[in-house]
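What the coordinates show
Residues per chain are reported as follows:
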Amino acid sequence: NNSLVRNFTLNTMGKGGDKREKTASKIGLKIPAGMIGLSFTGKDKPIVSSVRKNSPMDGTIIKVGWIAVALKLGNGTEYTSFKKKELEKFLKDSKEDTDRILTFAMTQSTVDVELDIPASDDIGFEIIENEEGKPIVWNLSAEAKHLHTISSGMILDTAILPNGYEMHAYSTEEFKTLLKRTSHMKGRKVIFKSAESDTLSEKSISCSSKTIELPVGDLDDIGLDIKGHKAVVQKIDDSSPFKHEIF
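Here we summarise the structure given alongside this text. Quick caveat: nothing in here was measured; it's all calculated off a predicted structure.

The next point concerns the overall build of the protein. When helices and strands are counted, the protein shows two helices and 16 strands. For the protein, with 247 residues in total, the buried portion stands at 39%. Contacts in the protein between residues at least 24 apart in sequence constitute 59% of all its contacts with a sequence separation of at least 6. Only carbon and sulfur atoms are counted for the fraction: they give 48% of the accessible area of the protein, which is about 14,300 Å².

If you want it as C-alpha cells, here you go:
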C-alpha cells in the first residue's frame, strides 16, 4: 500500500512578525515496487498527465498537474531537479525498491471548485489564515478521496448550507465556526478559488427568512447576542437551543 509519509515545512512570518510553521505545498508518498501507473508530460519538469485506472496510484491523493520534484530510494539516495526522462529512468532502475518516496509539488487549480463536504467534524482538511488574511485550505488528508479536486493554498470563498444559507468571503474563524456548528448537516458545500483568482466574492450573507419561537426569558438566557439597528445575531453560544437553527 502507498501511504503519506511526510510533509515539508517552511517558516513564514505571521501578523506582528511572529513565525508560524506551516506545511508547505509539497507532499511525499511512499510508492510500491514495480510500475506505479503514473504518466508524465513536460520537458523540464515532470508533470503528472494521467493516473492509470486500477494502478497503485489510482484512488490516492495524487492529481493530474502535480509536479514530481524528488525521488528518495530505500538506500537513502535522493534525486532532485530532474527532467521527465530522467525521472522515468530513475523509476525504472529502482523498480525493485519497496521503500521509494516520490515527492510532488501540489499545483493549484485555476478554476473555481465546488466541493461536497461530509456531515462530520472531520472534513479532511484544515482551514488556516494566509498572510493576506484569507482563509485557505491546508493539510489535506491523504485518505480523503473526496478532496481530489482541490490543493493546499486554495482560498475558501463560500460556504453553502442545505437550507439555502450562504456565507461569502468571511474570515477564517467565522468559516470554521459555521462548519463546526453545522457538522451534523448533510448536503453542505464549499467553494474554493485559486489564490491568484480575480473573482473573489464580496463579503456577504445570503439566506431566507426563518421564524423561531422564543421561550420566556432574556436573550442572554437562550444564548443569543443580538445587536445593531437591524438586529443582527452577533454570537450564538454553544449552549443555545438554536445553535443548529440560526447562524
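After that view of the structure, there is still more to cover.
Now for the layout of surface pockets. For the second largest pocket, the calculated volume is near 340 Å³. Lining the second largest pocket are 14 residues; nearest its centre among them are Lys176, Thr177, Leu179, Lys180 and Arg181. Elements represented by at least two residues in the lining of the second largest pocket include exactly strand S9 (126-129) and helix H2 (172-181). When the residues that make up the lining of the second largest pocket are grouped by side-chain class, the tally is four nonpolar, two polar and eight charged.

In the structure shown here, the tally under the stated rule is eight salt bridges. Taken together, the shared-partner salt bridges in this structure form one network comprising Asp112, Asp157 and Lys193.

Within helix H1 (residues 84-93), the full set of buried residues consists of Leu87, Phe90 and Leu91. Along the axis of H1, the buried positions cluster into a sector of 95 degrees, meaning they face one direction only. Among the exposed residues of H1, those oriented more than 90 degrees off its buried face are Lys85, Lys89, Lys92 and Asp93.

What follows covers the pairing of S9. Consecutive side chains along a regular strand alternate between the two faces of the sheet. Note that S9 and strand S10 (residues 135-138) share four bridges and pair antiparallel. Across the sheet, the residue bridging to Ile127 is Val137, located in S10. Counting the residues between successive antiparallel strands, the hairpin from S9 to S10 contains five residues, one of them, Gly133, with a positive phi of roughly 80 degrees.

Here we come to the side chain of Thr172. As for its placement among the helices and strands, Thr172 is situated in helix H2. Aside from chain neighbours lying at most four places away, what touches Thr172 is Ile127, Ile128, Glu129, Lys134 and Pro135.

Right, let's talk about the side chain of Asn130 for a bit. With respect to the secondary-structure elements, Asn130 resides in the loop between S9 and S10. With a relative accessible area of 11%, Asn130 lands in the buried category. Side-chain polar atoms of Asn130 contact the backbone nitrogen of Glu132, separated by 3.0 Å. From its side chain, Asn130 meets the backbone nitrogen of Lys134 in a polar contact 2.8 Å long.

So, how was this worked out
- Residues numbered from 1 in each chain as written.
- Predicted model: local features only at pLDDT ≥ 70, side-chain atom pairs only at ≥ 80, totals over all residues.
- Heavy atoms only, no water.
- Helix = DSSP H or I, 4+ residues; strand = E, 2+ residues; numbered from the N terminus.
- Buried < 20%, exposed > 50% of the residue type's maximum accessible area, 1.4 Å probe, protein only.
- Contact = heavy atoms within 4.5 Å.
- Areas by Shrake-Rupley, 256 points an atom, 1.4 Å probe, with all protein chains shown as cover.
- 1 Å grid on protein atoms, 1.4 Å probe; cavity = no way out; pocket = protein on both sides within 12 Å on 5 of 7 lines; lining within 4 Å.
- Points joined across faces, edges and corners; volume = space filled by probe spheres on them.
- Nonpolar A, V, L, I, M, F, W, Y, C, P; charged D, E, K, R; others polar.
- Salt bridge = Lys/Arg side-chain N within 4 Å of Asp/Glu carboxyl O.
- Arc of directions from axis to C-beta.
- Pairing = 2+ DSSP bridges.
- Polar contact = N/O pair within 3.5 Å; in protein donor to acceptor, adjacent residues only side chain to side chain.

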